[in-house]
Amino acid sequence: MPTIDYRQIRPYGDTLDDGIIQLSFTLPVPFGEEAQEAARRWALQSGFWDPKVVVALDLGEGFTFFVLYACSTVCIDFTSIEVPKLSHERLEKSEIDLLIRTLLGRKLVIVGACIESDAHTVGIDAIMNMKGYNGHKGLESYHEIDAINLGSQVSCEELLTKAHEVLADAILISQVVTQKSLHLQNLTRMVELLELEGLRDRFLLVAGGPRINYELAKELGYDAGFGPGTYAEDVASFVLDRVLARCVK
Amino acid sequence: MTRPYPHNKLHLALDHIALARTLAKDIVDQITPFILSHSTVSVERSILRLLGIQGVDPEGIPLPNIIIDHLKEHHLLEEGAARSFAKACLHFKLDPQTLAGQLACRERSFEDLPDFPEEQIVDKAITLTQPLLEQISNQRQSREHCLSSLGDGSEPYLYVIVATGNIYEDVLQAKVAARQGADIIAVIRSTGQSLLDYVPYGPTTEGFGGTFATQENFRIMREALDEVGQELGRYIRLTNYCSGLCMPEIAVMGALERLDVMLNDSMYGIIFRDINMQRTFIDQYFSRLINGFAGIIINTGEDNYLTTSDALEAAHTVLASNFLNEQFAFLSRIPEEQQGLGHAMEINPDVPNAFLYEIAQAQLIREIFPRSPIKYMPPTKFMTGDIFRGHVQDTLFNVASIMTGQSIHLLGMLTEALHTPLMQDRFLSLESAKLVFKSLRHLQEEIRFTTEGVIQQHAQTTLQKAVGMLEEIQKIGLFKALEQGMFAEISRKPTGGRGLDGVFAKSSKYLNPSAWFDVRSS
């Protein structure tokens, strides 16, 4: 076996450095031999080497769908990659409850909502509701957390008012609809509102949703962002870590 | 699949089913007097639309909304918008649209209209609504004609969604889908439309997560589907959302533009959109009268319960709600053949035997509602973004559907949880469903389930639990049940939520237009 050189990484098919990749896409051209050639040339011009159109299918109305295999000669240096990550330790539910009891000495208050026009509660519910998701209990089930889920289509103002009223430690914002980057506009709106009110530092601000990650959330001015596969304990661990850090200060 | 579904493979206790129906009817009967004695601003706006009033003022506010405000201001709403317009038309000798335009620019007021003999008013109201009710009847006939002359797909109907936000782009996507085998096209609405207390106007090209439901958008899509259907020799059905605060108005618009299927649940708005329950029960009743009259298949939204609750533990809540939706539909004179009761395949696929439980639940709904074009919803909650795994999950869903004789089959997309479907996603999904349906076409006639096996037992238990739940609701009433969060574990208060300010008690002089549908549908 040749050793892998992490400074020069290419896609792997079945042999190191073969660079094999799989592509599927649609072109707005009528099905036929010309369409196949168009797909092949598109891949070539995109920088792929030896593209093979393995299937071309007629979608109708002058559209054709393709599956291609091709090779890539592009290498990247894996050793130079740095991705910003959450620095805290990920705790389990019982540990979180225990730490809040012993170190914080009061309940942790978390308010959440799916804001503005977005009507999808599935994300915020998975994190906050008693039942949680996939066997991971939600924040409502934590003895030491006051979790208030306002549901969907909650305006930024309404959410902020509630956060104020209950003296929240953290505000969770879910955004599911991402068409035309609507989620970015909504998320930005919340940050702007908090800044306008001079309250940005008063609350921990956490974003969540299928197209959200830590890096994006930080860029938007949030304290953290959580993507797919996140459970209540991930969010709770983070909030607790930061709240405790603030107390120490 | 031909309906009524002939089998009893689950050995369900028929007396349990009958008991569930009696309980559900009782529950609906308990709130029927409330529903019938009240109306809402959206019901009255839909009556204005039936009078032929449409369009917007220079500021873009729909005329029906302006008129309702005017009637409210002069305390005329309690008598019904139909009475005011009948009187005004008699007095000014003008048609409703002209009067509406004059009201909007404050050239005219309905304050202090002279009274007319009751018979004359009722006659006038009937005459005024006749043209549009006739148009609706004609649309119903033309659907029936198209279905018999052009031909229909076979069940399970392949149902796909378009959601570009731009009606013209939707048309392209819909035509492509129809050519690829789709039988039903649903145009998803822009996120947030359900909470607008007016219906946007004209063709629209901007929306989020979907396209605004407007009468003009309905017309544009209908025309396109008729065109492609002619070419394909198959009638393509069109679906939209008769839900939210404008439920009754959307029903009228859909009936006029020959939509074929409408999402129209009796409780969805209450639970998932926090719309007030009083408002919803009144609105859904009236919207269903129209849908029934127009020959439109309603689809109920029980699949949504399973996005917040566990699909195994909450299976009986879906069934109990199906029973309620059935009785609410009967109240609005919708026959079983137009009741597309909803359910879904949402059990965690990592549960051992998950597929067996899915079969049990799907077969259960099929056997209990043998005449209904039941609607089966695909996995969404446990779609991970792994498109290859997702395609397998959807394939299992396709198998479950054909094995249990489902009627309306909403296709799962491999990119569920990622983005609204790309053209190629829909294609792959249609190809998969067609392949599965073709190769398993008569499987369900060949199979029986083991007596007292996993499938039979799970189905029987679910039925039993649904009966138990309905017994409880019958004791406390539906309002209380919703307050206790018995559906989807979401709790709503009778005076909470949006839209309660649009509810009012009908006065003794209220002109009740629902009787008109009776005359015409018989």
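These figures come from a predicted structure and were not determined experimentally. (Residues numbered from 1 in each chain as written. Chains lettered and ligands numbered in written order. Predicted model: local features only at pLDDT ≥ 70, side-chain atom pairs only at ≥ 80, totals over all residues. Heavy atoms only, no water.)

With respect to the overall build of chain B
Phase 1 of the analysis: Helix and strand content of chain B: 20 helices and eleven strands.
Phase 2 of the analysis: In terms of overall dimensions, chain B is globule-like: its C-alpha atoms have a radius of gyration of 23 Å, near the 24 Å expected for 522 residues.
Phase 3 of the analysis: When the 522 residues of chain B are sorted by exposure, 63% land in the buried category.
Phase 4 of the analysis: The contacts in chain B between residues at least 6 apart in sequence include a share of 77% that link residues at least 24 apart.
Phase 5 of the analysis: Across chain B, the mean location of the 46 positive side-chain charges is 2 Å away from that of the 63 negative side-chain charges. (Helix = DSSP H or I, 4+ residues; strand = E, 2+ residues; numbered from the N terminus. Rg over C-alpha atoms; globule rule 2.2 N^0.38 Å. Buried < 20%, exposed > 50% of the residue type's maximum accessible area, 1.4 Å probe, protein only. Contact = heavy atoms within 4.5 Å. Lys, Arg positive; Asp, Glu negative; His and termini not counted. Charge placed at Lys NZ, Arg CZ, Asp CG, Glu CD.)

What about the packing of helix α2 (residues 41-50) of chain B against helix α11 (residues 277-293) of chain B?
Residues and elements named next belong to chain B.
Phase 1 of the analysis: It is at 9 Å that the axes of α2 and α11 come closest, and there the two elements cross at 25°. Comparing their axes, α11 and α2 come out roughly parallel. Facing Val41, Ser42, Val43, Arg45, Ser46 and Ile47 of α2, the residues of α11 in contact are Arg279, Ile282, Asp283 and Phe286.
Phase 2 of the analysis: Looking at the contact of α2 with α11, its residues break down into five nonpolar, two polar and three charged. (Axes fitted to C-alpha atoms, helices over the stretch in contact; angles between N-to-C directions. Parallel < 35°, antiparallel > 145°, perpendicular 65-115°, else oblique. Nonpolar A, V, L, I, M, F, W, Y, C, P; charged D, E, K, R; others polar.)

Digging into the pattern of salt bridges
All names here are of chain B.
Phase 1 of the analysis: Tallying each qualifying case throughout the model produces 41 salt bridges over all chains.
Phase 2 of the analysis: We note a salt bridge from Lys509 to Glu79, for which the minimum N-O separation is 3.8 Å. Separated by 430 residues along the polypeptide, Lys509 in the loop between β11 (503-505) and α20 (514-521) and Glu79 in the loop between α3 (63-73) and α4 (81-92) bring together distant segments of the chain.
Phase 3 of the analysis: Between Arg258 and Asp226 there is a salt bridge, and its shortest N-O distance comes to 2.8 Å. In this pair, Arg258 is assigned in the loop between α9 (247-256) and β5 (261-263) and Asp226 in helix α8 (residues 215-232), connecting sequence segments 32 residues apart.
Phase 4 of the analysis: Judged by its relative accessible area of 21%, Asp226 falls in the partly exposed class.
Phase 5 of the analysis: Overlapping salt bridges bring together Arg45, Arg49, Asp197, Glu249, Arg279 and Asp283 as one network. (Salt bridge = Lys/Arg side-chain N within 4 Å of Asp/Glu carboxyl O.)

Some remarks on the domain arrangement of chain B
Residues and elements named next belong to chain B.
Phase 1 of the analysis: Here the domain parsing of chain B yields domain 1 (39-129) and domain 2 (154-236).
Phase 2 of the analysis: Using only C-alpha atoms to locate each centre, domain 1 and domain 2 end up separated by 31 Å.
Phase 3 of the analysis: Counting from both sides, the interface comprises eight residues of domain 1 and, opposite them, five residues of domain 2.
Phase 4 of the analysis: Between domain 1 and domain 2 the total buried area reaches about 520 Å² when both faces are included, carbon and sulfur atoms providing 50% of it.
Phase 5 of the analysis: For the pair domain 1 and domain 2, the interface holds one salt bridge.
Phase 6 of the analysis: We note a salt bridge from Asp197 to Arg45, for which the minimum N-O separation is 2.8 Å.
Phase 7 of the analysis: Here domain 1 and domain 2 share two residue pairs in polar contact (both at pLDDT 80 or more) between them.
Phase 8 of the analysis: With three residues, α2 is the largest single contributor of residues to the side of domain 1 that touches domain 2. (Domains from an automatic or database assignment. Buried area = accessible area lost by both parts, 1.4 Å probe. Polar contact = N/O pair within 3.5 Å; in protein donor to acceptor, adjacent residues only side chain to side chain.)

A word on the sheet that holds strand β2 (residues 49-60) of chain A
The strands making up a sheet are joined through hydrogen bonds of the backbone, oriented either antiparallel or parallel.
All names here are of chain A.
Phase 1 of the analysis: Spatially, β1-β3-β2 is the arrangement adopted by the three strands of the open sheet, whose pairing is antiparallel. Only two strands of the sheet have a single neighbouring strand rather than two, namely β1 (20-27) and β2. Strand after strand, the sheet turns through a mean of 15° between neighbouring axes, direction not considered.
Phase 2 of the analysis: Looking at chain direction, β2 and strand β3 (residues 63-71) are connected through eight bridges and run antiparallel. Residue pairing in the sheet places Val53 in a bridge with Leu68 of β3. (Pairing = 2+ DSSP bridges.)

Re the interface of chain A and chain B
Phase 1 of the analysis: Opposite the 28 residues of chain A that make contact, chain B presents 33 residues.
Phase 2 of the analysis: When the two sides are added together, the surface that chain A and chain B hide from each other amounts to roughly 2,500 Å², 52% of it contributed by carbon and sulfur.
Phase 3 of the analysis: Between chain A and chain B we count one salt bridge in total.
Phase 4 of the analysis: Of the charged contacts in the structure, one is a salt bridge between Arg179 of chain B and Glu61 of chain A, with a shortest N-O distance of 2.6 Å.
Phase 5 of the analysis: Summed over the shared surface of chain A and chain B, the result is five residue pairs in polar contact (both at pLDDT 80 or more).
Phase 6 of the analysis: For the side of chain A that touches chain B, the secondary-structure elements that each account for two or more residues are β1, β2 and β3 of chain A.
Phase 7 of the analysis: Among the residues forming the side of chain A that touches chain B, the class breakdown is ten nonpolar, eleven polar and seven charged.

Considering the nonpolar core
Phase 1 of the analysis: The biggest cluster of nonpolar side chains holds 140 residues, and the ones touching the most others in it are Met267, Phe281, Phe323, Leu478 and Phe487 of chain B.
Phase 2 of the analysis: A per-element tally of this core places helix α1 (residues 14-37) of chain B first, with nine residues.
Phase 3 of the analysis: Here this core spans two domains, since at least three of its residues come from each of domain 1 (39-129) and domain 2 (154-236) of chain B.
Phase 4 of the analysis: Apart from residues no more than four positions distant in its own chain, Leu478 of chain B is found in contact with Ile27, Ile31, Met267, Phe281, Leu324, Phe328, Ile473 and Phe487 of chain B.
Phase 5 of the analysis: Counting residues in hydrophobic clusters, the runner-up holds 28 residues, among them Leu104, Tyr142, Ala170 and Val206 of chain A. (Core = buried A, V, L, I, M, F, W, Y, C linked by side-chain atoms within 4.5 Å.)

Description of the side chain of Thr211 of chain B
Residue and element names in this part refer to chain B.
Phase 1 of the analysis: Looking at where Thr211 falls in the secondary structure, it is placed in the loop between β3 (184-187) and α8.
Phase 2 of the analysis: For Thr211, a relative accessible area of 0% puts it in the buried group.
Phase 3 of the analysis: Of the polar contacts made by the side chain of Thr211, one reaches the side chain of Asp170; its length is 2.4 Å.
Phase 4 of the analysis: Other than its neighbours up to four places away in sequence, Thr211 contacts Thr164, Gly165, Asn166, Ile167, Asp170, Val187, Ile188, Arg189, Ser190, Gln193, Thr204 and Asn217.

Describing helix α4 (residues 156-165) of chain A
Residue and element names in this part refer to chain A.
Phase 1 of the analysis: Buried within α4 are the following residues: Cys156, Leu159, Leu160 and Ala163. Along the axis of α4, the buried residues cluster in a sector spanning 95°; they form a single face. Of the residues in α4, the exposed ones pointing more than 90 degrees away from the buried face are Thr161 and Glu165.
Phase 2 of the analysis: Structurally, α4 contributes buried residues whose contacts are with β4 (108-114), β6 (170-174) and α5 (182-196).
Phase 3 of the analysis: Trailing α4 by a residue or two, Leu167 shows a phi angle of about 55°, which is positive. (Arc of directions from axis to C-beta.)

A closer look at a negative patch on the surface
All names here are of chain B.
Phase 1 of the analysis: Among the surface-exposed residues, Asp69, Glu73, Glu111 and Asp112 lie close enough to one another that they form a single negatively charged patch.
Phase 2 of the analysis: Locating Glu111 in the fold gives a position in the loop between α5 (96-104) and α6 (118-149).
Phase 3 of the analysis: The exposure class of Glu111 is partly exposed, given its relative accessible area of 43%. (Patch = residues over 30% accessible without salt bridge, like charges linked within 9 Å, V, L, I, M, F, W, Y side chains within 5 Å. Areas by Shrake-Rupley, 256 points an atom, 1.4 Å probe, with all protein chains shown as cover.)

Some words on the environment of Thr420 of chain B
Phase 1 of the analysis: Among the structural elements, Thr420 of chain B can be located in the loop between β10 (408-410) and α16 (423-439).
Phase 2 of the analysis: For Thr420 of chain B and Ile188 of chain B, which are 232 residues apart along the polypeptide, the C-alpha to C-alpha distance reads 10.0 Å.

Some remarks on the domain arrangement of chain A
Frequently, the measure chosen for interface size is the accessible area that the parts lose on association.
Phase 1 of the analysis: You can read the domains of chain A as domain 1 (1-81) and domain 2 (93-248).
Phase 2 of the analysis: Centre-to-centre separation of domain 1 of chain A and domain 2 of chain A, based on C-alpha positions: 40 Å.

Some words on the sheet that holds β5 of chain B
Residue and element names in this part refer to chain B.
Phase 1 of the analysis: The strand order across the open sheet built from nine strands is β7-β6-β5-β4-β3-β2-β10-β9-β8, with neighbouring strands paired in parallel fashion. Of all strands in the sheet, those with a lone pairing partner are β7 (339-340) and β8 (342-344), marking the two edges.
Phase 2 of the analysis: Its contacts with the sheet place α16 against β2 (157-162) and β10, and it is angled at close to 170° to β2.

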